[in-house]
Amino acid sequence: GAKGVGCGKWHGCLVYERFGAAICGLQSEQQRWRRLAASLNLRGDEKILDVGTAVGDLPLSLATIKNFQGQVIGVDWSARMIAQATAAAQQRNLSHQVQFQVVDIRQGLPFSDNSFDVLFCLGLIETWPHPQKILAELHRVLTPNGLMVLSLYKGTAAALAAVGFTWYQEQLGALGCTNLEIRPCRSNQDVVVARFSP
């Protein structure tokens, strides 16, 4: 999955694998990601995971925020995407702060429990079958007082999405999180910000 590129059907996956790097790499959304990060009031030393990172625009943008001293890992199932993201990190001398890995979240995340302070998953949960399983896996790798940022389609895109805000309230509530906010992100996509507390 990736930012704004649906992959719910096999054909969609083929399109994503073949053309996704070109589509996702056309224009950086660096200013959007920096605004979003600023609204989250991050300390600047967090360990951050971006699931469905595509060409790594979000992790690379976070790593260039002034005074950011944390670590960012981006994962995506497309090896082509990850190769492009890794090359971009090397070109920008960001490899010490940003790493990318090929991961298919349907097989689980290769990280131990409570590994990340902040987790982004944009444009992915809505597109896979069994979204609650993916959400549970995201929760597993989040620290007890972590922050989860999840996409929420709006407008015509919302009609095609398998999950909405009520679904997030129910599922995240079952995981012990009742502190949910909706923040603007894109023209067709808001984000749900879920703050967990131990």
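For clarity, every value in this text was computed on a predicted model and none was experimentally measured.

Participant: What is the right way to read the overall build of the protein chain from this model?
Facilitator: Helix and strand counts for the protein chain stand at seven helices and seven strands. Counted from the first residue to the last, the protein chain has its helices and strands arranged as α-α-β-α-β-α-β-β-α-β-α-α-β-β. When each of the 198 residues of the protein chain is scored for burial, the buried share is 51%. Looking at the protein chain alone, contacts between residues at least 24 apart form 74% of all its contacts between residues at least 6 apart.

Participant: Looking at this structure, I do not really get the packing of helix H5 (residues 131–140) against helix H7 (residues 165–174). What am I missing?
Facilitator: Each packed pair of helices is defined by two parameters, the angle between the axes and the distance between the axes. H7 packs onto H5 with a crossing angle of 50 degrees between their chain directions and a minimal axis gap of 11 Å. The pairing of H5 with H7 is recorded here as oblique in orientation. As H5 runs across H7, the sense of the crossing is right-handed. For the pair H5 and H7, the contacting residues are Pro131, Gln132 and Leu135 in the first and Trp167, Gln171 and Leu172 in the second. Its residues assigned to classes, the contact of H5 with H7 comprises four nonpolar, two polar and no charged.

Participant: Whenever I open this one, the pattern of salt bridges confuses me. Can you help?
Facilitator: Proximity of charged atoms lets side chains of opposite charge pair with each other. As enumerated under the stated definition, the model contains nine salt bridges in all. The shortest N-O distance in the salt bridge between Arg32 and Glu29 comes to 2.7 Å. The residue Glu181 makes a salt bridge to Arg183 at a minimum N-O spacing of 2.9 Å. Assessed through its relative accessible area of 29%, Glu181 is described here as partly exposed.

Participant: What is the right way to read the nonpolar core from this model?
Facilitator: Leu49, Leu109, Ile125, Leu138, Met148, Tyr168 and Leu172 are the most contacted members of the largest nonpolar core, which has 31 residues in total. Grouped together as the second largest cluster of nonpolar side chains are 17 residues, Leu36, Leu40, Val149 and Val191 included.

Participant: Sorry if this is basic, but what is going on with the confidence of the model for the protein chain here?
Facilitator: Parts of the model with low pLDDT should not have their predicted coordinates read in detail. The predicted model of the protein chain has a mean per-residue pLDDT of 86, with 86% of residues at 70 or higher. Contacts for the low-pLDDT stretch residues 1–25, under 50 throughout, to residues beyond four places or in other chains number 62 contacts.

Participant: Please clarify how unusual backbone geometry should be interpreted in this entry.
Facilitator: Comment: phi is negative for the bulk of residues other than glycine, and the bulk of peptide bonds are trans. Although it is not a glycine, Asn93 adopts a positive phi angle of roughly 55 degrees. Following the sequence through the fold, Asn93 ends up in the loop between helix H4 (79–91) and strand E3 (98–102). A relative accessible area of 62% means that Asn93 is categorised as exposed. At Asn114, a residue that is not glycine, the phi angle is positive and equals roughly 60 degrees. Structurally, Asn114 can be placed in the loop between E3 and strand E4 (116–121).

Rules and cut-offs
Residues numbered from 1 in each chain as written. Predicted model: local features only at pLDDT ≥ 70, side-chain atom pairs only at ≥ 80, totals over all residues. Heavy atoms only, no water. Helix = DSSP H or I, 4+ residues; strand = E, 2+ residues; numbered from the N terminus. Buried < 20%, exposed > 50% of the residue type's maximum accessible area, 1.4 Å probe, protein only. Contact = heavy atoms within 4.5 Å. Axes fitted to C-alpha atoms, helices over the stretch in contact; angles between N-to-C directions. Parallel < 35°, antiparallel > 145°, perpendicular 65-115°, else oblique. Left-handed = near helix turned anticlockwise from the far one by under 90°. Nonpolar A, V, L, I, M, F, W, Y, C, P; charged D, E, K, R; others polar. Salt bridge = Lys/Arg side-chain N within 4 Å of Asp/Glu carboxyl O. Core = buried A, V, L, I, M, F, W, Y, C linked by side-chain atoms within 4.5 Å. pLDDT = per-residue confidence, 0-100.

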